[in-house]
Amino acid sequence: MQRTLPKYPPHGALRNELKAAVQAYLDGAPHDSPGGWRIFRKSLVIGGIAVGSYLLLLLVATAWWQAIPLSVVLAFALAGIGFNIMHDGGHGSYASHRAGNRMAAMTLDILGGSSYVWRFKHNFLHHSYPNVAGVDDDLEAGALLRLSPHQPRMRIHRFQHWYAWLLYGALAVKWHVVDDYRDVITGRVAGHRMPRPRGWDLVQFLAGKLIFISWAFVIPIWIHGVWLTLAFYLLCFGMMGVIMAAVFQLAHCVEGADQFDCPESTERLEHDWAEQQLATTVNFARGSRLLTWYLGGLNYQVEHHLFPKISHVHYPAVAEVVREVCLRHHVAYREHVTLWDALTAHARHLRDMGHASAVAASAAAA
Ligand SMILES: [Zn+2]
């Protein structure tokens, strides 16, 4: 069944003031546009670690105590490419030219995903309607995970705060084997019609899959055989799945972020666009320079959701401007101070969503 997309009320004063204040900051401060040398230097470091650890794993490692740490490093480096290069490229905030952004976004195709499907599910469905059940694809994690009080509850969900991490480990593998192919063949994502890729988009989709299968399977199997290749594929991409899922979940599926149901087609959403982003998005560990560097600003998701076309290297400064405007408008600026606070808030959210009272609470609120 084709689902309809909800409508927002007209923009309020908050959004206009946020836009003006951030633009005034960007105009007044000397800064690199979009991310300047800092983003290219970072890309070289993370890309170099990824290629280096892959080659060492493929050609040099001969013992488990060499191969396992190299797989861990490779998993962190591949996730780092996703956070810092692919994600910015997909939003058009990596480079000043369209071609540069497209190439950055295409790193996802090389990692076994599809930048074409990502544009639809992440840029459109997720960024337009965060935490709106039935529309935001990030909430559609399969029947075993209940991430919103507006999704059906099963008895097994009461254990989901324990087993969720295992499912996160399967995220990248599911992406490689099922999701992109299913979405492109059916032309649908989370019940919403997605135009199927044609022309160069289709060539890029297929070429990406071929390149990924070559470096992740064909070459390693040729050198190390099937079983060893499969074991290290599962180890590396299982870990990458946990890292990526955890980072995505800590922004929206945590205690402190609001969850919404998709309104009837005749009604509008409760908040305007900017208020919706602020009600559903939570920053974490803003004080950690290491996490801010590695996560590509994904710990500054409030700023990312309000200004996805600004390079993540500017988020720490932009955050101060956003916080000030929120304070003036008496709108909550949501954040968890440390990574641990955010992880435990996610665990509590999973536990609450798995509990029967979450159904009663959502019904009472409706
Ligand atoms: Zn994004």
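Quick notes on the rules
Residues numbered from 1 in each chain as written. Predicted model: local features only at pLDDT ≥ 70, side-chain atom pairs only at ≥ 80, totals over all residues. Heavy atoms only, no water. Helix = DSSP H or I, 4+ residues; strand = E, 2+ residues; numbered from the N terminus. Rg over C-alpha atoms; globule rule 2.2 N^0.38 Å. Buried < 20%, exposed > 50% of the residue type's maximum accessible area, 1.4 Å probe, protein only. Areas by Shrake-Rupley, 256 points an atom, 1.4 Å probe, with all protein chains shown as cover. Lys, Arg positive; Asp, Glu negative; His and termini not counted. Charge placed at Lys NZ, Arg CZ, Asp CG, Glu CD. Donors = N, O, S within 2.8 Å, 3.2 Å for Na, K, Ca; no water. Phe/Tyr/Trp six-rings, centres within 6.5 Å; stacked < 30°, edge-to-face > 60°. Polar contact = N/O pair within 3.5 Å; in protein donor to acceptor, adjacent residues only side chain to side chain. Salt bridge = Lys/Arg side-chain N within 4 Å of Asp/Glu carboxyl O. pLDDT = per-residue confidence, 0-100. Contact = heavy atoms within 4.5 Å. Axes fitted to C-alpha atoms, helices over the stretch in contact; angles between N-to-C directions. Parallel < 35°, antiparallel > 145°, perpendicular 65-115°, else oblique. Left-handed = near helix turned anticlockwise from the far one by under 90°. Patch = residues over 30% accessible without salt bridge, like charges linked within 9 Å, V, L, I, M, F, W, Y side chains within 5 Å. Expected span 1.5 Å × (residues − 1).

### Remarks on the overall build of the protein chain
Right, on to step 1. For the protein chain, the count of helices and strands is 16 helices and six strands.
Right, on to step 2. For the protein chain, the C-alpha radius of gyration of 21 Å lies close to 21 Å, the compact-globule estimate for 366 residues.
Right, on to step 3. Considering only C-alpha atoms, the protein chain reaches an extent of 60 × 55 × 45 Å along its principal axes.
Right, on to step 4. Within the span of the protein chain, comprising 366 residues, buried residues form 51% of the whole.
Right, on to step 5. Carbon and sulfur atoms make up 67% of the accessible area of the protein chain, which amounts to about 17600 Å² in all.
Right, on to step 6. Here the protein chain holds 31 positive side-chain charges and 27 negative ones, and the gap between their average locations is 5 Å.

### Quick look at the coordination of the zinc ion
Right, on to step 1. Those donors, His 87 (NE2), His 91 (NE2), His 122 (NE2), His 127 (NE2) and His 304 (NE2), are the protein atoms that reach the zinc ion, and they lie 2.1 to 2.2 Å from it.
Right, on to step 2. In terms of primary sequence, the donors binding the zinc ion are separated according to H-x3-H-x30-H-x4-H-x176-H. With His 91 in helix α3 (residues 64-91) and His 304 in helix α13 (residues 301-306), this residue pair connects regions lying 213 residues apart in the sequence.

### Points about the environment of Met 103
Right, on to step 1. Note that Met 103 resides in helix α4 (residues 98-105).
Right, on to step 2. It is 28 Å that separates the C-alpha atoms of Met 103 and Asp 27, two residues lying 76 residues apart in sequence.

### Section: the packing of aromatic side chains
Right, on to step 1. Under the criterion given, the structure shown has 16 aromatic pairs.
Right, on to step 2. With centroids separated by 5.8 Å and ring planes inclined at 5°, the aromatic side chains of Tyr 8 and Tyr 129 adopt a geometry described as stacked. One end of the pair, Tyr 8, is in the segment before α1 (13-28); the other, Tyr 129, is in the loop between α6 (115-128) and β1 (132-133), and 121 residues separate them in sequence.
Right, on to step 3. Between Trp 118 and Phe 248, the aromatic rings sit 6.1 Å apart at their centres with planes inclined by 40°, giving tilted as the arrangement. On the criterion of sequence distance, the pair formed by Trp 118 in helix α6 and Phe 248 in helix α10 (residues 226-252) is long-range, its members being 130 residues apart. Comparing Trp 118 with Phe 248 shows no difference in burial state: the two are buried.

### Looking at α6
Right, on to step 1. In terms of burial, α6 is a largely internal element, eleven of the 14 residues being buried.
Right, on to step 2. Regarding α6, the residues found buried are Ser 115, Tyr 116, Val 117, Trp 118, Phe 120, Lys 121, His 122, Leu 125, His 126, His 127 and Ser 128.
Right, on to step 3. Capping the start of α6 is the job of one residue whose side-chain oxygen sits 3.3 Å from the backbone nitrogen of Tyr 116: Ser 114.

### Observations concerning the pattern of salt bridges
Right, on to step 1. Inspection of every chain in the model, using the stated rule, returns 16 salt bridges.
Right, on to step 2. Here Glu 335 ties to Arg 286 by a salt bridge, and the two come within 2.8 Å at their closest N and O atoms. Here Glu 335, found in strand β6 (residues 335-336), pairs with Arg 286, found in the loop between β5 (283-284) and α12 (289-294); they are 49 residues apart in sequence, far enough to count as distant.
Right, on to step 3. A relative accessible area of 17% places Arg 286 in the buried class.
Right, on to step 4. Across the salt bridge formed by Arg 351 and Asp 352, the nearest N and O atoms sit 3.5 Å from each other.
Right, on to step 5. One network of salt bridges, with partners in common, ties together Lys 121, Asp 137, Lys 174, Asp 179, Arg 182 and Asp 183.

### Examining the confidence of the model for the protein chain
Right, on to step 1. Scored by pLDDT, the protein chain comes out at a mean of 91, with 95% of its residues at no less than 70.
Right, on to step 2. Within the model, the stretch residues 360-366 combines pLDDT values under 50 with two contacts to residues more than four positions away or in other chains.

### Things to note about unusual backbone geometry
Right, on to step 1. The backbone phi angle of Asn 131 is positive, close to 60°, even though this residue is not glycine.
Right, on to step 2. Along the chain, the position of Asn 131 falls in the loop between α6 and β1.
Right, on to step 3. One non-glycine residue, His 330, lies in positive phi territory at about 55°.
Right, on to step 4. The residue His 330 is located in the loop between α14 (315-328) and β6 in this model.

### Some points on the packing of α3 against α10
To characterise two packed helices, one gives the angle between the axes of the helices and the distance between these axes.
Right, on to step 1. The contact between α3 and α10 brings their axes to 9 Å, and the two run at 40°. Relative to α10, the element α3 lies oblique. Pair α3 / α10 crosses with right-handed handedness. Residues Ala 67, Ile 68, Ser 71, Val 72, Leu 74, Ala 75, Phe 76, Leu 78, Ala 79 and Phe 83 of α3 form the contact with α10, whose participating residues are Phe 232, Leu 235, Cys 236, Phe 237, Met 239, Met 240, Ile 243, Met 244 and Val 247.

### Focus: a nonpolar patch on the surface
Right, on to step 1. Together, Val 51, Leu 55, Leu 56, Leu 59, Val 60, Ile 213, Val 218, Ile 219, Trp 222 and Ile 223 give the surface a local cluster of nonpolar side chains, amounting to about 960 Å² of exposed area.
Right, on to step 2. Where the nonpolar patch is concerned, the elements lending two or more residues are α2 (36-60) and α9 (199-224).
Right, on to step 3. A relative accessible area of 40% means that Leu 55 is categorised as partly exposed.

### A short note on α3
Right, on to step 1. Here α3 contains 28 residues, and its C-alpha end-to-end distance of 39 Å stays within 8% of the 40 Å for a straight helix at 1.5 Å per residue.
Right, on to step 2. Extensive coverage of α3 is indicated by the burial of 20 of its 28 residues.
Right, on to step 3. Downstream of α3 by a residue or two, Gly 92 has a phi angle that is positive, lying close to 75°.

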